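Breakdown of the fold
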Amino acid sequence: DSGVTQTPKHLITATGQRVTLRCSPRSGDLSVYWYQQSLDQGLQFLIQYYNGEERAKGNILERFSAQQFPDLHSELNLSSLELGDSALYFCASSVSEASYNEQFFGPGTRLTVL
Amino acid sequence: GEDVEQSLFLSVREGDSSVINCTYTDSSSTYLYWYKQEPGAGLQLLTYIFSNMDMKQDQRLTVLLNKKDKHLSLRIADTQTGDSAIYFCAEGSSGGYQKVTFGTGTKLQVIP
């Protein structure tokens, strides 16, 4: 158990819908990262937050947004969902934003768009 | 941009050594990582190496880094069935915030 929790575990929805994925980092970790893992694209970095502020953006679509709240939990919002958005979405956390810190991954949310 | 490449699949017999290879493009990479993903789980850090090191050994794991060729490898000695997983190579650059680029992952299958 990494100490990072993600809810829900599974999510099934229809095209055009909007969903929110939630992540609680390990106690004491200030940095949160979101990743998308699909069969054809591998593990793609989406976005990073540190202590409530956006720090880095990866291959995140405009239809996706995220935020980190004062209690350090984070939410990833996916809207106007398409079939290709079906994937595993991982959240990870680390102590700080420095590059040598280990990232601790949550168990993931499996999103299926029908 | 940064790119990290790995072969997709490796099959070995139990007891043999496994070698998983990775190449990266970012010459400013400071840290290189190996993560393991077991079925149905998130990624877990196995080991990492600083870019100024050539080799790091940790029990059954040996990491070799050829910085000139931007090539990283992970050797698992005496591979066990419990080592069956997807192994991700990743590179991280220093510079104020942690941006880590992951490879596509290599699925290791250990045959009993």
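Heads up: the structure comes first, above all this text.
Residue numbering note: each chain is counted from 1, following its sequence as written. Here the convention is simple: chains get letters from A, ligands get numbers from 1, in the order in which they are written. Local features in this predicted model are restricted to residues of pLDDT 70 or higher, and side-chain atom pairs are both shown and tallied only at a pLDDT of 80 or more, whereas totals for entire chains, interfaces and linings draw on every residue. The side-chain numbers reported here are obtained from all heavy atoms of the structure, hydrogens and water having been left aside.

**Notes on the nonpolar core**
Let me state the cut-off plainly: Nonpolar core, defined: a set of buried Ala, Val, Leu, Ile, Met, Phe, Trp, Tyr and Cys residues in which side-chain atoms within 4.5 Å join the residues together. Only protein chains enter the accessibility calculation, which uses a 1.4 Å probe; a residue is then buried when its area is under 20% of its type maximum, exposed when over 50%, and partly exposed in between. Secondary structure elements are taken from DSSP: a helix is a run of H or I of four residues or more, a strand is a run of E of two residues or more, and numbering for both begins at the N terminus. Pairs of residues are marked as contacts when any of their non-hydrogen atoms sit within 4.5 Å.
In terms of nonpolar packing, the biggest core is built from 21 residues, with A:Leu21, A:Trp34, A:Leu76, A:Leu78, A:Tyr89 and A:Leu111 touching the most fellow members. Contributions of two or more residues to this core are made by strand E3 (19–24), strand E4 (31–38), strand E5 (42–50), strand E7 (64–68), strand E8 (74–78), strand E9 (87–94) and strand E11 (109–113) of chain A. Residue contacts for A:Leu111: discarding those within four places in its chain leaves A:Leu11, A:Thr13, A:Val19, A:Leu78, A:Leu81, A:Asp85, A:Ser86, A:Ala87 and A:Tyr89. Residues B:Trp34, B:Leu65, B:Tyr87 and B:Cys89 belong to the second largest nonpolar core, which totals 19 residues.

**Remarks on the sheet that holds strand E1 (residues 5–7) of chain A**
Residues and elements named next belong to chain A. Quick reminder of the rule: Strands are labelled as partners when DSSP assigns at least two bridges between them. A fitted line through C-alpha atoms represents every axis, and for helices the fit uses only the stretch in contact; the resulting angles, taken between N-to-C directions, go from 0 to 180 degrees.
With antiparallel pairing, the 4 strands of this open sheet are ordered in space as E1-E3-E8-E7. Of all the strands in the sheet, just E1 and E7 have a single pairing partner and so form its edges. Taken over all neighbouring pairs, the strand axes of this sheet differ in orientation by 15 degrees on average, direction set aside. By the bridge criterion, 3 bridges tie E1 to E3 in an arrangement that is antiparallel. Residue pairing for E3: Thr5 is matched across the bridge by Ser24.

**Some remarks on the sheet that holds strand E6 (residues 55–58) of chain B**
All names here are of chain B. Spatial strand order, E1-E3-E8-E7-E6: 5 strands in an open sheet with antiparallel pairing. In the strand order of this sheet, the two ends are held by strand E1 (4–6) and E6, each with one partner. Within the sheet, the average angular offset between the axes of one strand and its neighbour, ignoring direction, is 15 degrees. In this sheet, strand E3 (residues 18–24) lies alongside E1 in antiparallel orientation, the contact comprising 3 bridges.

**Focus: the interface of chain A and chain B**
Cut-off, in case you're wondering: Accessible area, probed at 1.4 Å, shrinks when two parts are joined; the buried area is that loss added up over both. We define a salt bridge as a contact between a side-chain nitrogen of Lys or Arg and a carboxyl oxygen of Asp or Glu at a distance within 4 Å. Polar contact is defined as a pair of N or O atoms within 3.5 Å, subject to the rule that within protein one atom must be able to donate a hydrogen and the other to accept it, and that residues adjacent in sequence are counted only when both atoms are side-chain atoms.
Between chain A and chain B, the contact holds 22 residues from the first and 19 residues from the second. Both faces considered, chain A and chain B share a buried interface measuring about 1,600 Å² in area, 55% of it formed by carbon and sulfur atoms. Run the count over chain A and chain B and you get 0 salt bridges. Inspection of the chain A/chain B interface yields 2 residue pairs in polar contact (both at pLDDT 80 or more). Sorting the residues of the side of chain A that touches chain B by element identifies E4, E5, strand E6 (53–57) and E9 of chain A as the ones contributing at least two each. Element by element, the count of residues in the side of chain A that touches chain B is highest for E5(A), at 4 residues.

**Things to note about the pattern of salt bridges**
Residues and elements named next belong to chain A. Under the defined criterion, the tally for this structure stands at 7 salt bridges over all chains. Among the ionic pairs, Glu82 bridges to Arg63, the shortest N-O distance being 3.7 Å. Within this pair, whereas Glu82 is found in the loop between E8 and E9, its partner Arg63 is found in the loop between E6 and E7, the two being separated by 19 residues in sequence. Look at the salt bridges and you will find they share partners, linking Arg63, Glu82 and Asp85 into a network.

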